[in-house]
Amino acid sequence: GEPSVDVDGIEEALNRLGDLEPRLAQVVDLKFFCGFSYEEIGGLLGISERTVKRDWDKARILLKRHLGED
(Lines give C-alpha, C1' and ligand atoms only; values in the text may rest on other atoms or scores of the structure.)
Protein backbone atom coordinates (compact mmCIF):
# COMPACT_ATOMS: atom_id res chain seq x y z
CA GLY A 1 0.00 0.00 0.00
CA GLU A 2 0.48 3.64 -0.31
CA PRO A 3 1.18 5.80 2.74
CA SER A 4 -1.86 7.54 4.15
CA VAL A 5 -2.08 11.32 3.92
CA ASP A 6 -3.48 13.40 6.77
CA VAL A 7 -5.16 16.07 4.67
CA ASP A 8 -6.66 17.80 7.70
CA GLY A 9 -3.26 17.88 9.39
CA ILE A 10 -1.63 19.35 6.30
CA GLU A 11 -4.34 21.99 5.98
CA GLU A 12 -3.97 22.90 9.65
CA ALA A 13 -0.18 23.10 9.32
CA LEU A 14 -0.46 25.37 6.27
CA ASN A 15 -2.97 27.61 8.03
CA ARG A 16 -0.72 27.88 11.08
CA LEU A 17 2.24 28.67 8.84
CA GLY A 18 0.16 31.38 7.14
CA ASP A 19 -0.68 32.92 10.50
CA LEU A 20 2.96 32.94 11.63
CA GLU A 21 4.79 33.66 8.37
CA PRO A 22 2.45 34.65 5.51
CA ARG A 23 5.21 34.85 2.89
CA LEU A 24 6.38 31.32 3.69
CA ALA A 25 2.83 30.08 3.14
CA GLN A 26 2.75 31.91 -0.20
CA VAL A 27 6.01 30.26 -1.24
CA VAL A 28 4.64 26.81 -0.35
CA ASP A 29 1.46 27.50 -2.28
CA LEU A 30 3.31 28.72 -5.37
CA LYS A 31 6.00 26.01 -5.28
CA PHE A 32 4.09 22.92 -4.17
CA PHE A 33 0.58 23.50 -5.43
CA CYS A 34 1.22 25.68 -8.49
CA GLY A 35 4.56 24.21 -9.53
CA PHE A 36 6.37 27.51 -10.04
CA SER A 37 10.17 27.63 -10.06
CA TYR A 38 12.18 29.56 -7.48
CA GLU A 39 12.88 32.20 -10.11
CA GLU A 40 9.18 32.56 -11.00
CA ILE A 41 8.19 32.81 -7.34
CA GLY A 42 10.83 35.46 -6.74
CA GLY A 43 9.48 37.50 -9.62
CA LEU A 44 5.91 37.23 -8.37
CA LEU A 45 6.78 38.15 -4.79
CA GLY A 46 9.47 40.70 -5.58
CA ILE A 47 12.22 38.82 -3.73
CA SER A 48 15.43 37.14 -4.83
CA GLU A 49 15.62 33.52 -5.91
CA ARG A 50 17.95 32.88 -2.98
CA THR A 51 15.38 34.28 -0.54
CA VAL A 52 12.73 32.02 -2.08
CA LYS A 53 14.98 28.99 -1.53
CA ARG A 54 15.58 29.98 2.10
CA ASP A 55 11.86 30.53 2.63
CA TRP A 56 11.07 27.15 1.05
CA ASP A 57 13.58 25.37 3.30
CA LYS A 58 12.28 27.14 6.41
CA ALA A 59 8.65 26.41 5.50
CA ARG A 60 9.41 22.71 5.00
CA ILE A 61 11.08 22.51 8.42
CA LEU A 62 8.18 24.26 10.15
CA LEU A 63 5.59 22.11 8.40
CA LYS A 64 7.43 18.89 9.25
CA ARG A 65 7.66 19.94 12.89
CA HIS A 66 3.95 20.68 13.00
CA LEU A 67 3.14 17.35 11.38
CA GLY A 68 5.46 15.50 13.76
CA GLU A 69 7.88 14.27 11.10
CA ASP A 70 11.31 15.04 12.54
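Position labels on residues start from 1 in each chain and follow its written sequence. The predicted origin of the model limits local features to residues at a pLDDT of at least 70 and limits the giving and counting of side-chain atom pairs to 80 or more, whereas totals for whole chains, interfaces and linings rest on all residues. Only heavy atoms go into the side-chain values, all of them from the structure, while hydrogens and water stay out.

## A closer look at the overall build of the protein
For step 1, the next point in the chain: Numbering of helices and strands runs from the N terminus, with a helix taken as a DSSP run of H or I at least four residues long and a strand as a DSSP run of E at least two residues long. From N to C terminus, the protein includes 4 helices and 0 strands.
For step 2, the next point in the chain: Secondary structure of the protein in N-to-C order comes out as α-α-α-α.
For step 3, the next point in the chain: Along the three orthogonal principal directions, the C-alpha set of the protein runs to about 40 × 30 × 20 Å.
For step 4, the next point in the chain: Considering the protein as a whole, with its 70 residues, one finds that 24% of them fall into the buried category.
For step 5, the next point in the chain: Contact definition: two residues touch when any of their heavy atoms are within 4.5 Å. At a minimum sequence separation of 6, the contacts of the protein that also span at least 24 residues come to 52%.
For step 6, the next point in the chain: Note on areas: Shrake-Rupley with a 1.4 Å probe; residue coverage comes only from the protein chains shown. Element-wise, carbon and sulfur atoms account for 49% of the exposed surface of the protein, whose accessible area totals about 5,200 Å².
For step 7, the next point in the chain: Side chains of the protein give 10 positive and 15 negative charges; the mean places of these two sets differ by 10 Å. Type-normalised accessible area, obtained with a 1.4 Å probe on protein chains alone, sets the label of each residue: buried when under 20%, exposed when over 50%, and partly exposed for intermediate values. Charge assignment in this entry is limited to Lys and Arg as positive and Asp and Glu as negative, and neither His nor the chain termini are counted. Charged side chains are reduced to one point each, which is NZ for Lys, CZ for Arg, CG for Asp and CD for Glu.

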